[in-house]
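Architecture and fold: a report
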Amino acid sequence: MLGQGRAAVERVYFSSRTGLNPNAAGFPLPEVIEAFVRVFNRLQEDGYFDQAFGDYHDMNSVGEVRDIGFEVFKSLRKKQLWPISENWTRYKEDDLFDMIEFLFQYVSKEDRRTLPRARWEVAEVTFDRAAGQRHYRKCINEVLDLYVERFELDQNGYVVKKTEAGFEPIFSASLPTEDAVLKERVNAAVLQFRRHRATRHERRQAVIELAGVLESLRPAMKDLVASKDERDLFNIANNFGLRHQNALQREDYDPLWLNWIFYNYLATIHLVLRKQENLQRQG
C-alpha cells in the first residue's frame, strides 16, 4: 500500500540527499510560525478546541473558556498574542512556544456525539482531553521538526530541547516507583535540563539534583550496582565541580560533558528503580 511504513522510515528526497536543498537542516523561525498557524487552523476546524473555546462552526457557541484573550493575557503575561490569526506575524520564538504550551492545556478530541431525538433537545457531546493532547503533540512536533533549532513538545506539554538520537526512550519511560517526591525531583530536573534557553548553570543544577536522587538510592545501589561503578558515579559529582566546592575540584571541562553526566545519572536512576521493582516482584 502506498505510504505504508512511513512512520518507520522517513523518505529523504533528491535535493536533501545530494546536499542541494538549502533547507535540509530546517527552516528559520518565520516559516515555522506560519506552519504552526496552518496546523492550528486545521485543528480548530476539526473541532479540537470546541470544548474549551466553543464550536468553531457555530458563532454563538461558548466553550469552557469564555474570554480566551483574557485567559491568554492572564496566563502568559503578554498582550497581542490572541487571536492568533491577527497577531502571529509579530510572534517571536518565546511567543510561539508560549502559545503552543497554552493550547496544549485546552485541546481535546470529540469522543462521542449523541444526536437529539426531538427538536427541543440538544446534541450531547463528550470529549477526550488525553486523546486530543496526543494528537496535538504529534501535529506540533511535525511543525517543530521543520525548525532549524532542535525542539519538541514533551508528553507533559512543555517545549523542551530535543534529546540526542538514541536517548528518546529514557524520557518517555515512566519511573517505576510509588515515591511521589522522588518522581517530582527527577521530573523537575529533566525539565530544567531540557528547558528552552536553559543556561549552563541551570543545567548544572539539574545534574546536581539527579546526583542527590542517586544519593538517596545509594543504600539500594550497593546490592544492585557494582561497587566500582557506584564509586565512580559519586566521584564525578564530588570531584568535578558539581556538588561540594573546594580547591581540589575540577571545573575546566567542556560544558557538553554535562550531557554525558546527565544521561548517565538518569539512566542509573531508572536502572536501580527497575531492579528494585523486579526484586519485589520475585520476592
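Our subject is the structure that appears above.
Residues numbered from 1 in each chain as written. Predicted model: local features only at pLDDT ≥ 70, side-chain atom pairs only at ≥ 80, totals over all residues. Heavy atoms only, no water.

**What about the packing of aromatic side chains?**
- Enumeration over the complete set of coordinates arrives at 13 aromatic pairs.
- Arranged with centres 6.0 Å apart and planes meeting at 80 degrees, the rings of F40 and W82 form a pair that is edge-to-face. Within this pair, whereas F40 is found in helix 2 (residues 29–45), its partner W82 is found in the loop between helix 4 (68–76) and helix 5 (84–87), the two being separated by 42 residues in sequence.
- With centroids separated by 6.4 Å and ring planes inclined at 90 degrees, the aromatic side chains of F49 and Y136 adopt a geometry described as edge-to-face. Within this pair, whereas F49 is found in the loop between helix 2 and helix 3 (50–53), its partner Y136 is found in helix 7 (residues 129–144), the two being separated by 87 residues in sequence.
- What makes F49 buried here is its relative accessible area of 1%.
- Just above the ring of F193 sits the side chain of R203; from NZ or CZ to the centre is 4.1 Å. (Phe/Tyr/Trp six-rings, centres within 6.5 Å; stacked < 30°, edge-to-face > 60°. Helix = DSSP H or I, 4+ residues; strand = E, 2+ residues; numbered from the N terminus. Buried < 20%, exposed > 50% of the residue type's maximum accessible area, 1.4 Å probe, protein only. Lys NZ or Arg CZ within 6 Å of the ring centre and 35° of its normal.)

**As for the environment of R137**
- Considering the arrangement of structural elements, one finds R137 in helix 7.
- A relative accessible area of 26% means that R137 is categorised as partly exposed.
- On a C-alpha basis, the gap between R137 and N156 in space is 9.6 Å, while along the polypeptide they are 19 residues apart.

**Topic: the nonpolar core**
- Residues F36, F49, F53, M99, I100, L103 and Y136 are the most contacted members of the largest nonpolar core, which totals 38 residues.
- When contributions to this core are tallied by element, the ones reaching two or more residues are helix 2, helix 3, helix 4, helix 6 (93–104), helix 7 and strand 3 (151–153).
- Ranked by residues supplied to this core, first place goes to helix 2 with nine residues.
- Each residue touching F53, except ones within four places of it in the same chain, is listed here: G63, V65, I68, W82, F102, L103 and Y106.
- Of all hydrophobic cores here, the second largest spans 26 residues; its members include L175, L182, Y265 and L273. (Core = buried A, V, L, I, M, F, W, Y, C linked by side-chain atoms within 4.5 Å. Contact = heavy atoms within 4.5 Å.)

**Side note on unusual backbone geometry**
- Here the residue pair W82 and P83 is connected by a cis peptide bond, since its omega of 0 degrees sits within 30 degrees of zero.
- Within the secondary structure, P83 sits in the loop between helix 4 and helix 5.
- The backbone of R77 sits at a positive phi, close to 60 degrees, despite the residue not being glycine.
- At Q80, a residue that is not glycine, the phi angle is positive and equals roughly 60 degrees.
- On the secondary structure map, Q80 appears in the loop between helix 4 and helix 5.

**Brief notes about helix 4**
- For helix 4, the complete set of buried residues consists of I68, E71, V72 and L76. Seen end-on, helix 4 carries its buried residues on one side only, within an arc spanning 100 degrees.
- On the buried face of helix 4, the contacting elements are helix 3 and helix 6.
- Where helix 4 terminates, the next one or two residues include R77, which has phi positive at roughly 60 degrees. (Arc of directions from axis to C-beta.)

**Things to note about the side chain of N259**
- Along the chain, the position of N259 falls in helix 12 (residues 257–282).
- Apart from residues no more than four positions distant in its own chain, N259 is found in contact with E164, F193 and R203.

**With respect to the packing of helix 2 against helix 7**
- At their nearest, the axes of helix 2 and helix 7 sit 9 Å apart, and the two run at 155 degrees to each other. One finds that helix 2 runs roughly antiparallel with respect to helix 7. Taken as a pair, helix 2 and helix 7 cross one another with a handedness that is right-handed. Residue-level inspection shows V32, A35, F36, V39, R42 and L43 of helix 2 in contact with helix 7, the latter providing H135, Y136, C139, I140 and V143.
- Broken down by class, the residue content of the contact of helix 2 with helix 7 amounts to nine nonpolar, one polar and one charged. (Axes fitted to C-alpha atoms, helices over the stretch in contact; angles between N-to-C directions. Parallel < 35°, antiparallel > 145°, perpendicular 65-115°, else oblique. Left-handed = near helix turned anticlockwise from the far one by under 90°. Nonpolar A, V, L, I, M, F, W, Y, C, P; charged D, E, K, R; others polar.)

**Description of the environment of E202**
- With respect to the element layout, E202 can be found in helix 10 (residues 200–224).
- The exposure class assigned to E202 is partly exposed, which follows from its relative accessible area of 23%.
- C-alpha separation for the pair E202 and Q192, spaced ten residues apart in sequence, amounts to 6.8 Å.
- Residues in contact with E202, not counting those within four places in the same chain, are Q192, R195 and R197.

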